[in-house]
Amino acid sequence: MTSSQPFLDRLGLQYPIIQAPMAGVSTPRMAAAVSNAGGLGSLAIGAGTAAQARQMIADTRALTARPFNVNVFCHAPAVRDARREAAWLAHLTPLFAELGAALPTQLDEIYQTFIGHAAAFDLLLELRPAVVSFHFGLPAAQQIAALRQAGIYTMATATNVREALLIEQAGVDAIVAQGVEAGGHRGVFDPQAQDERHSTSVLLRLLAGSTALPLVAAGGIMDGQGIRAALDLGAAAAQLGTAFVLCPESAANAGYRANLKSGRAASTRLTSVLSGRLARGMVNRLIEHGETPGSPPPADYPVAYDAAKQLNAAASLRGDCEFAAQWAGQGAPLAREMGGAELVATLAREMAR
């Protein structure tokens, strides 16, 4: 635990436990519950507008005076390809037809990247959350410097040593070491580059010998024993996502919760079918359809996500969640249903055994 102490002291945390910033799942109530219990709660603002982000931060601050993390997406803008997008929609036509839904006539880039997003950057400088974290890459060095000068602690996701060194060179304060076991989107900087898909444990050891920055372990960690193992491997803290999905404060819907409590939790897959970028979730009909032999490549991220969300919206009207993005890590069968504060306390007790 001693290697964690400087990190805990800097952020004013009681435990080296971070709730992952899961877009569409994390809520102000969840972040506040985790922070109030001595961990670091997180919000994900990459899927919304600056106005929505402002409201989420205000709502969280109304529930806690403790530090929390605000996460942003730093992906490259989508490469629009009309032919590729049309081929992808054509491939999805039978699914839309089955649901009695009209095929979309066009797809949109539904998530704006933080890179070049002045409104989001200005908002963070104005509101000054305790922590800001970056996923899918990094913003400009001057933006990182400005956030740090405002007293904000910064973190960024790395999936390999090269990305970790870029994070260190950019002046970021800490590295979230994301193993291949993790649920949700791979934080790779360049989706076209070779992905070694390191496990969390291997990645921690590689980074521990490559950088002096604090490391936050992420991927497959579901209990206090897993957190303790990550600390032993060189992490200053652990970030858990899937472990918090079943909390009552989570925004996960009934279908997501039911699947996570069923045998389906044991079958997760890294796929680009849902969003256009590799992400790990519970296998469903959309993933299987999109990965049948001979399938065309999905549209680029986040354009493909627009198609998936429209398909899921049509299915949801029928009570069907077979086309939903239900992100989950490989440790999903270990998920427990309890409040966020109770889970943090439970994890802390397990760590101490």
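Scroll up for the structure.
Every value quoted in this text rests on a predicted model; they were computed, and no experiment measured them.

Peer 1: Got a sec to walk through the overall build of the protein? Specific residues and values, please.
Peer 2: Each helix and strand counted, the protein has 13 helices and 11 strands in total. A compact globule built from 353 residues should have a C-alpha radius of gyration of about 20 Å, and the protein, at 19 Å, falls within 12% of that. Evaluated residue by residue, the protein yields a buried proportion of 58% over its 353 residues. Look at the contacts in the protein between residues 6 or more apart in sequence, and 67% of them connect residues 24 or more apart. For the protein, the exposed area adds up to about 13900 Å²; of that, 52% sits on carbon and sulfur atoms. Looking at charge distribution, the protein has the averaged site of its 27 positive side-chain charges lying 3 Å from that of its 28 negative ones.

Peer 1: Describe the environment of Val273, listing the residues and the values that go with them.
Peer 2: Of note, Val273 is situated in the loop between β10 (268-271) and β11 (279-282). Each C-alpha atom of the pair Val273 and Gly290 lies 5.7 Å from the other, and the pair is 17 residues apart in sequence. Residues within four places of Val273 in sequence aside, it is in contact with Trp88, Leu286, Ile287, Gly290, Glu291 and Pro298.

Peer 1: Requested: an account of the side chain of Thr268, with residues and values cited.
Peer 2: Topologically, Thr268 is positioned in strand β10. Thr268 gets classed as buried once you look at its relative accessible area, which sits at 17%. Within polar-contact distance, the side chain of Thr268 engages the side chain of Arg280 at 3.3 Å. Sequence-distant contacts of Thr268, defined by excluding residues within four places in its chain, comprise Arg280, Gly281, Met282, Val283, Ala328, Gly329 and Gln330.

Peer 1: So what's going on with the sheet that holds strand β7 (residues 184-185)? Residues and values would help.
Peer 2: One open sheet holds the three strands; their spatial order is β7-β11-β10, and the pairing between them is antiparallel. Since the sheet does not close on itself, it has two edges, and those belong to β7 and β10, each with one partner. Bridge count for β7 against β11 is two bridges, and the pairing is antiparallel. Note that in β11 the partner of Gly184 across the bridge is Arg280.

Peer 1: Give me the lowdown on helix α12 (residues 303-316), citing residues and values where you can.
Peer 2: Taking 1.5 Å per residue, 14 residues should reach 20 Å; α12 reaches 20 Å between its end C-alpha atoms and fits that length. On its buried face, α12 sits against α4 (82-98), β7 and α11 (285-290).

Peer 1: Account for the packing of helix α3 (residues 50-61) against helix α5 (residues 118-127), naming residues and giving values.
Peer 2: The N-to-C vectors of α3 and α5 enclose an angle of 25°; their axes lie 9 Å apart at closest approach. On the basis of their axis angle, the class for α3 and α5 is roughly parallel. When you trace α3 past α5, the crossing you get is right-handed. Side by side, α3 and α5 meet where Ala50, Ala53, Arg54, Ile57 and Arg61 of the first sit next to Ala119, Ala120, Leu123, Leu124, Glu126 and Leu127 of the second. Among the residues making up the contact of α3 with α5, the classes are represented as eight nonpolar, no polar and three charged.

Peer 1: Describe the layout of surface pockets, and please don't skip the residues or the numbers.
Peer 2: If you add up the space inside the second largest pocket, you get close to 300 Å³. Lining the second largest pocket we find 15 residues, and of these Pro191, Gln192, Gly276, Asp300 and Tyr301 sit closest to its centre. Of the residues that constitute the lining of the second largest pocket, the class distribution is eight nonpolar, four polar and three charged.

Peer 1: Which residues make up the pairing of strand β3 (residues 68-73), and what values go with them?
Peer 2: The element β3 is largely enclosed, with a buried count of six among its six residues. Burial along β3 is two-sided: the residues Phe68, Val70 and Val72 and Asn69, Asn71 and Phe73 are all buried. The sheet contact formed by strand β2 (residues 41-44) and β3 spans four bridges and is parallel. Note that in β3 the partner of Gly41 across the bridge is Phe68. Handedness of the crossover is the feature at issue here: the chain leaves β2, passes through α3, returns alongside β3, and the resulting connection is right-handed.

Peer 1: Tell me about the sheet that holds β3, residues and numbers included.
Peer 2: Pairing is parallel in the open sheet, where eight strands are placed in the order β1-β9-β8-β6-β5-β4-β3-β2. The open sheet has two free edges, formed respectively by β1 (17-19) and β2, since each of these has just one partner strand. Neighbour-to-neighbour, the strand axes of the sheet open up by a mean angle of 25°, direction not taken into account. Bridge count for strand β6 (residues 174-178) against strand β8 (residues 215-218) is four bridges, and the pairing is parallel.

Peer 1: Break down the pattern of salt bridges for me, citing the residues and quoting the values.
Peer 2: Following the criterion strictly, the structure yields nine salt bridges and no others. One salt bridge in this structure joins Arg54 and Glu126, with 2.8 Å as the shortest N-O distance. Residue Arg54 is found in helix α3, and its partner Glu126 is found in helix α5; the two are separated by 72 residues along the sequence. You can call Arg54 partly exposed: its relative accessible area is 36%. Residue classification places Glu126 among the partly exposed residues on the basis of a relative accessible area of 49%.

Peer 1: Describe the nonpolar core, and please don't skip the residues or the numbers.
Peer 2: With 100 residues, the main nonpolar core has Leu124, Phe134, Leu138, Ile227, Phe244, Leu260 and Leu286 as its most contacted residues. The leading source of residues in this core is α12, at eight residues. With residues up to four places along the chain from it excluded, the contact list for Leu138 reads Cys74, Ile115, Ile144, Ala156, Leu166, Ile167, Ala170, Val172 and Phe189. With 15 residues, the next largest nonpolar core counts Ile18, Tyr153, Ala174 and Val216 among its residues.

Definitions and limits used
Residues numbered from 1 in each chain as written. Predicted model: local features only at pLDDT ≥ 70, side-chain atom pairs only at ≥ 80, totals over all residues. Heavy atoms only, no water. Helix = DSSP H or I, 4+ residues; strand = E, 2+ residues; numbered from the N terminus. Rg over C-alpha atoms; globule rule 2.2 N^0.38 Å. Buried < 20%, exposed > 50% of the residue type's maximum accessible area, 1.4 Å probe, protein only. Contact = heavy atoms within 4.5 Å. Areas by Shrake-Rupley, 256 points an atom, 1.4 Å probe, with all protein chains shown as cover. Lys, Arg positive; Asp, Glu negative; His and termini not counted. Charge placed at Lys NZ, Arg CZ, Asp CG, Glu CD. Polar contact = N/O pair within 3.5 Å; in protein donor to acceptor, adjacent residues only side chain to side chain. Pairing = 2+ DSSP bridges. Expected span 1.5 Å × (residues − 1). Axes fitted to C-alpha atoms, helices over the stretch in contact; angles between N-to-C directions. Parallel < 35°, antiparallel > 145°, perpendicular 65-115°, else oblique. Left-handed = near helix turned anticlockwise from the far one by under 90°. Nonpolar A, V, L, I, M, F, W, Y, C, P; charged D, E, K, R; others polar. 1 Å grid on protein atoms, 1.4 Å probe; cavity = no way out; pocket = protein on both sides within 12 Å on 5 of 7 lines; lining within 4 Å. Points joined across faces, edges and corners; volume = space filled by probe spheres on them. Right-handed = clockwise from strand over helix to strand, strands pointing away. Salt bridge = Lys/Arg side-chain N within 4 Å of Asp/Glu carboxyl O. Core = buried A, V, L, I, M, F, W, Y, C linked by side-chain atoms within 4.5 Å.

Nothing here speaks to function; it is all geometry.
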